[in-house]
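A structural walkthrough
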Amino acid sequence: MEQIKSELMRLKLSGMASWVKTMEESRQIEKLSFADGLRLLLQAERDTREGNRYQRLLKNASFRYGASLEELSYDASRGLEQSKVLSLASGNYIRNGESVLITGAAGCGKSFLASALGSQACRQGVSVLYYNMQKLLMRLKVARAEGTIIRFFEKLAKTQLLILDDFGLSPLEKQQQLDFMEIIEDRHARKATIIASQLPVSNWFDLFSDETLADSVIDRIIYTSHRFELKGESLRKKR
């Protein structure tokens, strides 16, 4: 049995090796038929690989909060309807390349909701990147200075779900407007985007100095978007 476990580890089948060890310790392994044992071995390996992939996706996403849909407190009066959240939990909006817009005052749970939706996407094997908008703009500036801006744009474009938090804290400079347009254009109707902002969507136009550019960007964002307008006093005060 030790030789079998060693061979499984050498073949990088850690899920199978762990299952064999558990069944050996519980003295249940000899009670299984070949077919049942093989089925359980495969299930153990599949579960292990899916779990490992989920952890890798979570780490790579760099969420602001370690949130999950199960932790959300649904309250229609606050603008958080369970039916709307659960409809997104299936991941259809990601497959359809649609956007989710979350607006509301500071502390009302926008970032937590965005993180929970992102975590659900990771659970489904979807690649996710989470950025505070100001840090993303800084990252774009550095990438341009280093000559890696095209590679960075390609990375963002390939990501299945991009989450932009704290959008609209300050007006966008001319280059930032063009960069943001590039990101949205690459994703429009192809990849999903979640945007969280303290500003109502109707005020997003004011972030752009170029009205034509603003119309083009905002139109792509709100096209077939799912919206949450969170209300109420800050949840941080309640804590």
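This section reports on the structure supplied with the text. All chains use their own residue numbering, which begins from 1 and follows the written sequence. Per-residue local features are limited, in this predicted model, to residues with pLDDT of at least 70; the limit for side-chain atom pairs, both in listing and counting, is 80 or more; totals at the level of whole chains, interfaces and linings are taken over all residues. Side-chain measures here rest on the full set of heavy atoms in the structure, leaving out hydrogens and waters.

**Overview of the overall build of the chain**
Secondary structure follows DSSP: runs of H or I at least 4 residues long count as helices, runs of E at least 2 residues long count as strands, and numbering of each begins at the N terminus. Within the chain, the regular secondary structure consists of 11 helices and 5 strands. As defined in this context, the radius of gyration uses C-alpha atoms, and a globule is described by 2.2 Å times the residue total to the power 0.38. Rg of the C-alpha trace for the chain: 22 Å, well past the compact-globule value of 18 Å for 239 residues, more than 25% over. Counting only C-alpha atoms and orienting by the principal axes, one finds that the chain spans roughly 70 × 50 × 30 Å. A burial count over the chain gives 44% of its 239 residues as buried. Note on definitions: a residue-residue contact is assigned when non-hydrogen atoms from the two residues lie within 4.5 Å. Put simply, 79% of the contacts in the chain that link residues at least 6 apart link residues at least 24 apart. Approximately 13,500 Å² of the chain is accessible, and the part contributed by carbon and sulfur atoms is 51%. Across the chain, 36 positive and 30 negative side-chain charges occur, with their mean positions spaced 4 Å apart. Only protein chains enter the accessibility calculation, which uses a 1.4 Å probe. A residue is then buried if its area is under 20% of the maximum for its type, exposed if over 50%, and partly exposed in between. Accessible areas in this description were obtained via Shrake-Rupley with a 1.4 Å probe; residue shielding takes into account the shown protein chains only. When charges are counted, neither His nor the chain ends are considered; positive counts come from Lys and Arg and negative counts from Asp and Glu. The location of each charge is read from NZ of Lys, CZ of Arg, CG of Asp or CD of Glu.

**Let's talk about the pairing of strand E1 (residues 99-103)**
Where burial is concerned, most of E1 is hidden: 5 out of the 5 residues are buried. Residues of E1 alternate between two faces, with Ser99, Leu101 and Thr103 on one and Val100 and Ile102 on the opposite face, all of them buried. Here a strand pair is declared whenever DSSP counts at least two bridges between the two strands. Pairing of E1 with strand E4 (residues 192-197) involves 5 bridges; the strand directions are parallel. Bridge pairing in E4 links Val100 to Ile194. Of the pairings in the sheet, the one linking E1 to strand E5 (residues 226-229) comprises 4 bridges and is parallel in character. For Val100, the partnering residue across the bridge sits in E5 and is His226.

**Looking at the pattern of salt bridges**
The rule for a salt bridge is simple: a side-chain nitrogen of Lys or Arg has to be within 4 Å of a carboxyl oxygen of Asp or Glu. In the structure shown here, the tally under the stated rule is 5 salt bridges. The shortest N-O distance in the salt bridge between Arg64 and Asp165 comes to 3.3 Å. Remark: Asp165 occurs in strand E3 (residues 161-167) and Arg64 occurs in the loop between helix H3 (34-61) and helix H4 (82-89); sequence separation between them is 101 residues. The exposure class assigned to Arg64 is partly exposed, which follows from its relative accessible area of 40%. For Asp165, a relative accessible area of 2% gives the class buried. Among the salt bridges present, the one from Asp179 reaches Arg144, with a minimum N-O distance of 2.9 Å. Taken together, the positions of Asp179 in helix H9 (residues 174-187) and Arg144 in helix H7 (residues 133-146) put the pair 35 residues apart, joining distant regions of the chain. Taking relative accessible area as the criterion, Asp179 reaches 5% and is therefore assigned buried. Residue classification places Arg144 among the partly exposed positions, given a relative accessible area of 34%. Linked through salt bridges whose partners overlap, the residues forming this network are Arg64, Asp165 and Asp166.

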